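Chain by chain, the residues run as shown.
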Amino acid sequence: MILIEPWIIAICTGSFFIILLTPFIRRINRAFRRSFRRVARRVTRVQRQIAKTDPKIFQAIKASIAKNMEGVVNKKTKKWRKEKDIKKEVKNKVAIEIESQLQRSPMRDMRPLVDKTIEATIDLAFLKEMSKRGDQARIAMASSIGKIFWRLLFPLATAGVLGGLTYVYPDKIPPGSLIIPERLPPPTGGPLLPVDPLDIVQSTAINAAVFGIGALVLVGLIIFLRRR
């Protein structure tokens with residue numbers, strides 16, 4: 001029974017998380033399309049905000065970004081460039097180009113909104129360029145690796161670590177420890193009786209699931225708050 005228990009735990013925990021994380025795996029496969037729609041909606045929101053004050057500024061930002069994004073991405077280089085470096089270079093060029101028009105606009109005192117608009121529009125322009133070029137673009141998009149880590153590997157690692165600790169100390173870590181009956185010394189004295197192997201498996205599975213789902217929920221909450 002002792003040799004079978006680790007396999008039982010591995011199979012139960014692995015099967016549970018495969019079922020649980022299937023939607024997230026699909027989201028990773030569709031990440032580009034979802035990012036495109038999400039960024040497009042964000043650009044639409046900031047455009048509506050700017051339209052209430054000076055819509056010409058938005059058009060100037062949009063035209064400048066389209067020109068500079070294409071130029072920066074087309075820049076010939078043998079080295080792979082990072083996504084954040086490209087966006088930073090485009091943002092600096094756009095800020096310089098629209099500054100004179102911004103000084104004559106009623107939005108000259110609304111820098112946070114202008115910066116937010118520039119960043120959102122750059123994100124959209126970048127996604128459009130990547131959609132056109134595909135694998136031909138020598139750009140390292142580290143964000144996909146980050147998504148896989150935080151949405152898949154981090155919850156699985158959390159579940160594995162807490163599940164392993166629970167397997168070693170089944171009656172120490174709640175909530176799994178709550179199902180372990182209280183161990184009393186034998187009436188005749190001597191050491192405590194060992195924990196039932198089935199209780200160890202149940203305690204381990206409960207803690208792996210609870211802490212794994214908790215890590216997944218925490219990551220989702222952080223992502224939600226950052227997108228607001």
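A brief look at the structure comes next. (Residues numbered from 1 in each chain as written. Predicted model: local features only at pLDDT ≥ 70, side-chain atom pairs only at ≥ 80, totals over all residues. Heavy atoms only, no water.)

**Considerations on helix 4 (residues 83-103)**
Structurally, the α-helix is built with 3.6 residues per turn, so residues lying three or four positions apart point the same way. In a regular helix each residue adds 1.5 Å, so 21 residues correspond to 30 Å; helix 4 covers 30 Å between its end C-alpha atoms and thus fits that length. Of all the bends in helix 4, the greatest measures close to 35° and is centred on Glu-97. Where helix 4 is concerned, the buried positions are Glu-83, Ile-86, Lys-87, Val-90, Val-94, Ile-98 and Leu-102. (Helix = DSSP H or I, 4+ residues; strand = E, 2+ residues; numbered from the N terminus. Expected span 1.5 Å × (residues − 1). Bend = angle between axes of the 7 residues up to and from the residue. Buried < 20%, exposed > 50% of the residue type's maximum accessible area, 1.4 Å probe, protein only.)

**What about the packing of helix 3 (residues 55-74) against helix 5 (residues 111-133)?**
Axis separation between helix 3 and helix 5 bottoms out at 9 Å; the angle between their running directions is 40°. Comparing the axis directions of helix 3 and helix 5 gives the class oblique. You can see that helix 3 and helix 5 cross each other, and the crossing is right-handed. Two secondary-structure elements touch here, helix 3 through Phe-58, Ile-61, Lys-62, Ile-65, Met-69, Glu-70, Val-73 and Asn-74 and helix 5 through Val-114, Thr-117, Ile-118, Thr-121, Ile-122, Ala-125, Phe-126, Glu-129, Met-130 and Arg-133. Of the residues belonging to the contact of helix 3 with helix 5, the class tally is 11 nonpolar, three polar and four charged. (Axes fitted to C-alpha atoms, helices over the stretch in contact; angles between N-to-C directions. Parallel < 35°, antiparallel > 145°, perpendicular 65-115°, else oblique. Left-handed = near helix turned anticlockwise from the far one by under 90°. Contact = heavy atoms within 4.5 Å. Nonpolar A, V, L, I, M, F, W, Y, C, P; charged D, E, K, R; others polar.)

**As for the side chain of Thr-121**
Looking at the secondary structure, you find Thr-121 in helix 5. Classification of Thr-121 by relative accessible area gives buried; the value is 6%. At a separation of 2.7 Å, a polar atom in the side chain of Thr-121 contacts the main-chain carbonyl oxygen of Thr-117. Sequence-distant contacts of Thr-121, that is, excluding residues within four places in its chain, are made with Val-43, Phe-58, Ile-61, Lys-62 and Ile-65. (Polar contact = N/O pair within 3.5 Å; in protein donor to acceptor, adjacent residues only side chain to side chain.)

Fair warning: the whole summary comes from geometry, so function is off the table for now.
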